[in-house]
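# Fold and geometry: a report
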Amino acid sequence: MQIVDTDKKKIKQEFERKTKQVEVKKKIEYSMQLNASRIKVLQAQDDLVTSMRDAASKELLNVSHNKKTYRKLIQSLIVQSLLRLKEPSVLLRCREVDLSLVESAIEDSKKEYASKAKVQAPMINIDKTVFLPPPPTSGDPHRPSCSGGVVLASVDGKIVFENTLDTRLDVAYRKKLPEVCINSKFKNRL
């Protein structure tokens, strides 16, 4: 009788151990499936954000086609850069294709800056030896490119303010990334 009782206990213990193993396996499988679905959602969000960024990047190429609007934009970018730098003399870099447009916007930019900052107009030297990369082309998507805008630097080059359209897109992209992810999560639940 004692032997039967000990055998019963062993069988019960073995059954409980195997039951626990099955439960653990089920929990592991559930966890793996949950993680896989989370990865799919994250990948879909990343694909959405990347496609939105690519579409915005392509739209930036159209900005410089309208010369009147683009000149106003260049002027605003120069003024904004001057307000950030607050230097009496700066070096300005632009794309080679934008050189004449930038030259035409310099004087108005100086005046606008001087009135906004209530200081004397700064000296702006346009760098005519080193230019920003040209606009992107479909022929070589991996070469450096710039959709437009300007880069201003202090004369000693220690302070640099990149105000290109590509840089601004990157800043907007990083700022809006959490918002885009939250909105896409919300839409996925509907």
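Relevant structure appears above.
Please read all numbers here as calculations on a predicted model, not as lab measurements.

Thresholds applied
Within any chain, residue numbers begin from 1 and follow the written order of that chain's sequence. Side-chain atom pairs in this predicted model are given and counted only at pLDDT of 80 or more, local residue features only at pLDDT of at least 70, and totals for whole chains, interfaces and linings cover all residues. Side-chain descriptors were evaluated using all non-hydrogen atoms of the structure, hydrogens and water having been removed beforehand. We call two strands paired when DSSP finds no fewer than two bridges between them. Helix and strand labels come from DSSP, where a helix needs a run of H or I of at least four residues and a strand needs a run of E of at least two; each type is numbered from the N terminus. In this analysis an axis means a line fitted to C-alpha atoms, helices contributing only their contacting stretch, and an angle means the value between N-to-C directions, from 0 to 180 degrees. We call two residues contacting when some pair of their heavy atoms lies within 4.5 Å. Note on exposure labels: buried denotes an accessible area under 20% of the residue type's maximum, exposed denotes more than 50%, and partly exposed covers the range between, all computed with a 1.4 Å probe on protein chains only. In what follows, roughly perpendicular refers to angles from 65 to 115 degrees, roughly parallel to angles under 35, roughly antiparallel to angles over 145, and oblique to any angle outside these ranges. Crossing handedness is defined as follows: a turn of the near helix away from the far one that is anticlockwise and smaller than a right angle gives a left-handed crossing, while the clockwise case is right-handed. Under the scheme applied, nonpolar residues are Ala, Val, Leu, Ile, Met, Phe, Trp, Tyr, Cys and Pro; charged residues are Asp, Glu, Lys and Arg; polar residues are all the others, including Gly.

In this section: the sheet that holds strand β4 (residues 160-164). Reading across from one edge, β2-β1-β3-β4 is the order of the 4 strands in this open sheet, with mixed pairing throughout. Whereas interior strands pair on both sides, the edge strands pair on one side only; in this sheet they are β2 (123-126) and β4. On average, each strand axis in the sheet is inclined to that of its neighbour by 25 degrees, with strand direction left out of account. Where strand β1 (residues 89-94) and β2 come together, 4 bridges link them in parallel fashion. In the sheet register, Ser89 faces β2, and the bridge partner there is Met123. Contacts from helix α2 (residues 67-85) reach β1, β2, β3 (149-154) and β4, with the element oriented near 25 degrees to β3. Across the sheet, helix α3 (residues 99-117) is in contact with β1, β2 and β3; its angle to β2 comes to roughly 175 degrees.

A few words now on the environment of Pro88. Its place among the elements puts Pro88 in the loop between α2 and β1. Between the C-alpha atoms of Pro88 and Thr69, which are 19 residues apart in sequence, the distance is 28 Å. Sequence-distant contacts of Pro88, that is, excluding residues within four places in its chain, are made with Pro122 and Met123.

What follows concerns the pairing of β3. With respect to burial, β3 is a largely interior element, 6 of its 6 residues being buried. With burial as the criterion, each face of β3 is covered, one bearing Gly149, Val151 and Ala153 and the other bearing Val150, Leu152 and Ser154. In this sheet, β3 lies alongside β1 in antiparallel orientation, the contact comprising 5 bridges. What sits directly across from Leu92, in β3, is Leu152. For β3 and β4, the ladder comprises 5 bridges, and the chain directions are antiparallel. The partner of Gly149 across the bridge, within β4, is Thr164. Linking β3 to β4, which pair antiparallel, is a turn of 5 residues; within it Gly157 sits at a positive phi near 80 degrees.

Moving on: the packing of α2 against α3. When two helices pack together, their arrangement is given by the angle between the helix axes and by the axis-to-axis distance. Remark: α2 packs on α3, axes separated minimally by 8 Å, with the N-to-C direction vectors making an angle of 45 degrees. Classified by the angle their axes make, α2 and α3 are oblique. By crossing handedness, the relation of α2 to α3 is classed as right-handed. Residue-level inspection shows Lys67, Tyr70, Arg71, Ile74, Gln75, Ile78, Val79, Leu82 and Leu83 of α2 in contact with α3, the latter providing Leu101, Val102, Ser104, Ala105, Ile106, Asp108, Ser109, Glu112, Tyr113, Lys116 and Ala117. Tallied by class, residues from the contact of α2 with α3 come to 12 nonpolar, 3 polar and 5 charged.

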